[in-house]
Amino acid sequence: MDDSLTSRPNIGPAVAQRLNAVGIRTVSELAQVGPVEAFRRMRAQPGPPPTLRHHLYGLDAALRGLRVQDLPRARRTRLARQALALPVDAEAPSFWVRPKRVVRARRRR
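Rules and cut-offs
Residues numbered from 1 in each chain as written. Predicted model: local features only at pLDDT ≥ 70, side-chain atom pairs only at ≥ 80, totals over all residues. Heavy atoms only, no water. Buried < 20%, exposed > 50% of the residue type's maximum accessible area, 1.4 Å probe, protein only. Helix = DSSP H or I, 4+ residues; strand = E, 2+ residues; numbered from the N terminus. Arc of directions from axis to C-beta. Contact = heavy atoms within 4.5 Å. Core = buried A, V, L, I, M, F, W, Y, C linked by side-chain atoms within 4.5 Å. Expected span 1.5 Å × (residues − 1). Bend = angle between axes of the 7 residues up to and from the residue. Axes fitted to C-alpha atoms, helices over the stretch in contact; angles between N-to-C directions. Left-handed = near helix turned anticlockwise from the far one by under 90°. Parallel < 35°, antiparallel > 145°, perpendicular 65-115°, else oblique.

Quick look at helix α3 (residues 35–44)
So, step 1. Every buried residue of α3 is listed here: P35, V36, A38, F39 and M42. Looking down the long axis of α3, one finds its buried residues gathered within 160° of arc, a one-sided arrangement.
So, step 2. Summarising the contacts, the buried residues of α3 are in contact with α1 (13–21), α2 (27–33), α4 (52–64) and α5 (73–83).

Dropping the structure here:
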């Protein structure tokens, strides 16, 4: 099996380049380091910080061979708490929680 980063879903050339900059060059190295540590290293690099949704979740999903959309919500929550070093029972920060959509009934005319 191909061990290059771009052979996995969710890892394109731009993300692979950011991973290379922090010393992660193969899928095996990414698996050894783990998605949370790779995300933390990427955040420490100069430039725009990586986002939770696109980078952290994408790295974890790539290791599992999934698309980001298929990563279970409980797994995403666990990853975010680990990445942000939050206690397990802490309230989720508002910037990474998607607000629930309120559906209102239409008025009859």
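We are not done yet, so read on.
What to know about the nonpolar core
So, step 1. Grouped together as the largest cluster of nonpolar side chains are 13 residues, with contacts concentrated most on L5, I11, L19, I24, L30, A38 and L59.
So, step 2. Of all the secondary-structure elements, those providing two or more residues to this core are α1, α2, α3 and α4.
So, step 3. Among the elements that line this core, the one with the most residues is α1, at three residues.
So, step 4. Ignoring sequence-local partners within four residues, the contact set of I24 consists of L5, L19, E29, L30, V33, A38 and R41.
So, step 5. Among the nonpolar cores identified, the runner-up in size contains 11 residues, and A61, L71, A80 and A83 belong to it.

Some words on α4
So, step 1. Compared with the 18 Å implied by 1.5 Å per residue over 13 residues, the 17 Å span of α4 between its first and last C-alpha is a close match.
So, step 2. Bending of α4 peaks at approximately 35° at the position of G58.
So, step 3. Taken together, the buried positions of α4 are occupied by L52, H55, L56, Y57, G58, L59, D60, A61 and A62.
So, step 4. Looking one or two places after α4, you find G65, whose phi comes out positive at around 75°.

Regarding the packing of α3 against α4
So, step 1. It is the contact of α3 with α4, at a shortest axis distance of 9 Å, that shows an interaxial angle of 145°. When you trace α3 past α4, the crossing you get is right-handed. Taking contact as the criterion, the partners of P35, V36, A38, F39 and M42 in α3 are, on α4, L52, H55, L56, L59, D60 and L63.

Comments concerning the environment of I24
So, step 1. With respect to the helices, strands and loops of the structure, I24 is situated in the loop between α1 and α2.
So, step 2. Separated by 19 residues in the primary sequence, I24 and L5 place their C-alpha atoms 8.9 Å from one another.

Side note on the packing of α3 against α5
So, step 1. Here α3 crosses α5 at 45°, and the two axes come no closer than 9 Å. The orientation of α3 with respect to α5, classified from their angle, is oblique. When you trace α3 past α5, the crossing you get is right-handed. Between α3, through P35, V36, F39 and R40, and α5, the contact on the second element is made entirely by L79, Q82 and A83.

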